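Spelled out from the first residue to the last, the chains are:
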Amino acid sequence: MTASPAADTAVERSAECALAAQRPEYRDLHATCRRTEDIPLPHSRGVLLVPRCRCACHRKPHKGA
């Protein structure tokens, strides 16, 4: 049994970051990604309308290290 392509990618990425990760010639698309923060569904608790891109290029640096 083989794993599906979706199972291989545990990180949820935006369309821009997914393309940049797959194709070296589109590497600069990481800079155009607009999904840098979670957008909650209005009047809900914990439900996200749009989740932030989980790509490593958007991780915030740790403070005090």
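Right, let's walk through the structure included here. Since the model is a prediction, treat every value here as computed from it, not as a measurement. Every chain is numbered on its own, with residues counted from 1 as its sequence reads. Totals for whole chains, interfaces and linings use all residues, but because this is a predicted model, local features are given only for residues with pLDDT of at least 70 and pairs of side-chain atoms are given and counted only at 80 or more. In computing side-chain properties, one takes all heavy atoms of the structure into account and sets aside hydrogens as well as water.

Moving on, we come to the pattern of salt bridges. Any carboxyl oxygen of Asp or Glu that lies within 4 Å of a side-chain nitrogen of Lys or Arg is treated as forming a salt bridge with it. A complete count under the given rule lists three salt bridges for this structure. Residues Arg35 and Glu12 are paired through a salt bridge, measuring 3.4 Å at the closest nitrogen-oxygen approach. Here the residue Arg35 occupies a position in the loop between helix H2 (15-22) and strand E1 (39-40), and Glu12 occupies one in the loop between helix H1 (5-8) and H2, the gap between them amounting to 23 residues. Only protein chains enter the accessibility calculation, which uses a 1.4 Å probe. A residue is then buried if its area is under 20% of the maximum for its type, exposed if over 50%, and partly exposed in between. Here Arg35 falls in the partly exposed class, since its relative accessible area comes to 22%. The exposure class assigned to Glu12 is partly exposed, which follows from its relative accessible area of 45%. Residue Arg23 pairs with Glu25 through a salt bridge whose shortest N-O separation is 2.7 Å. With a relative accessible area of 40%, Arg23 lands in the partly exposed category. Accessibility expressed as a relative area gives 48% for Glu25, which makes it partly exposed. Only DSSP runs of H or I covering at least 4 residues are called helices, and only runs of E covering at least 2 are called strands; the numbering of each starts at the N terminus.

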